[in-house]
Amino acid sequence: MSQITQEVALTNVRFYAPIGYYAEERLLGNEFFVDVAVRFPFQNPDAEQLSNTINYEGLFAILSRVMKRERLLLESAAEEILSVARDCYSFAVEIDVMIRKTTPPFGKDHAHSSVKLHYRKQL
Ligand SMILES: Nc1nc2c(c(=O)[nH]1)N=C([C@H](O)[C@@H](O)CO)CN2
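Bear in mind that the values here come from a model prediction, so they are computed numbers and not experimental data.

Student: Go over the environment of Leu-10 with me, naming the residues and quoting the values.
Tutor: Secondary-structure assignment places Leu-10 in strand β1 (residues 5-17). Exposure remark for Leu-10: the relative accessible area of 14% places this residue in the buried category. Here the alpha-carbon distance between Leu-10 and Thr-102, two residues 92 residues apart in the chain, equals 18 Å. Every residue in contact with Leu-10, bar those within four places of it in the chain, is listed here: Val-34, Asp-35, Val-36, Tyr-56, Leu-59, Phe-60 and Leu-63.

Below, the structure is given as structure tokens:
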């Protein structure tokens, strides 16, 4: 039997957030780009109904809430995004979260740092 998987995603969502291991980073803030993708079985009786899919405004609301909080590590924000998304979309079979810091302060102009989490439901 075949199965279609649907993905709803946001990519390169830009935030200015107080996330950093060093106090100055949290004080000054830093630029981050966040990607999130949620996959779930496609069982769509009407592909024109927002209630039959994941409204990506809901994903944006999760990211906005999580990225506001002061934190030491990217890992902490990525874990919270994943955990809230799992709670909100219990029908999801896979979720990817990636957070990229564009100017980690170690003196290399073009280096970005990132943390990625991948969740796959045990079926
Ligand atoms: N795995 C991680 N390593 C580091 C992080 C992080 O969030 N995850 N953060 C820092 C500092 O905040 C960094 O921006 C200094 O350049 C260091 N390592």
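Student: Please give an account of the pairing of strand β3 (residues 94-101) that cites residues and values.
Tutor: Of all 8 residues making up β3, 8 are buried, and the element is well covered by its neighbours. Direction of pairing for strand β2 (residues 30-41) relative to β3: antiparallel, over a ladder of 8 bridges. Within the sheet, the bridge partner assigned to Val-38 lies in β3 and is Ile-95. Sheet analysis places β3 next to strand β4 (residues 113-120), joined by 8 bridges and oriented antiparallel. What sits directly across from Asp-96, in β4, is His-118.

Student: Please set out the site of the ligand residue by residue, giving values where relevant.
Tutor: What surrounds the ligand is the set Gly-20, Tyr-21, Tyr-22, Glu-25, Leu-73, Leu-74, Glu-75, Lys-101, Pro-104, Pro-105 and Phe-106. Residue Tyr-21 places a main-chain N or O atom 2.8 Å away from an oxygen atom belonging to the ligand. Contact between the ligand and Glu-25: an oxygen atom at 2.5 Å from a side-chain N or O atom of the residue. A breakdown of the residues in the shell around the ligand according to their chemical character gives 7 nonpolar, 1 polar and 3 charged.

Student: Explain the nonpolar core to me, and be specific about the residues and the numbers.
Tutor: Counting 31 residues, the largest nonpolar core has Met-67, Ile-81 and Ile-99 as the members making the most contacts within it. Among the elements of the structure, β1, β2, α2 (56-68), α3 (74-88), β3 and β4 are those that each provide at least two residues to this core. Considering every element that reaches this core, the biggest residue donor is α3, with 7 residues. Among residues more than four places away in sequence, those in contact with Met-67 are Phe-15, Ala-17, Pro-18, Ile-19, Phe-32, Val-34, Ala-77 and Ile-99.

Student: How would you explain the packing of α2 against α3 if you had to name every residue and give the values?
Tutor: The interhelical angle for the contact between α2 and α3, taken along N-to-C directions, is 145°, at an axis separation of 10 Å. The interaxial crossing formed by α2 with α3 has right-handed handedness. Counting all contacts with α2, which are made through Ile-62, Leu-63, Arg-65, Val-66 and Met-67, the residues of α3 involved are Ala-77, Glu-80, Ile-81, Val-84, Ala-85 and Cys-88. When the residues that make up the contact of α2 with α3 are grouped by side-chain class, the tally is 9 nonpolar, no polar and 2 charged.

The rules behind each value
- Residues numbered from 1 in each chain as written.
- Predicted model: local features only at pLDDT ≥ 70, side-chain atom pairs only at ≥ 80, totals over all residues.
- Heavy atoms only, no water.
- Helix = DSSP H or I, 4+ residues; strand = E, 2+ residues; numbered from the N terminus.
- Buried < 20%, exposed > 50% of the residue type's maximum accessible area, 1.4 Å probe, protein only.
- Contact = heavy atoms within 4.5 Å.
- Pairing = 2+ DSSP bridges.
- Near = heavy atom within 4 Å.
- Polar contact = N/O pair within 3.5 Å; in protein donor to acceptor, adjacent residues only side chain to side chain.
- Nonpolar A, V, L, I, M, F, W, Y, C, P; charged D, E, K, R; others polar.
- Core = buried A, V, L, I, M, F, W, Y, C linked by side-chain atoms within 4.5 Å.
- Axes fitted to C-alpha atoms, helices over the stretch in contact; angles between N-to-C directions.
- Left-handed = near helix turned anticlockwise from the far one by under 90°.

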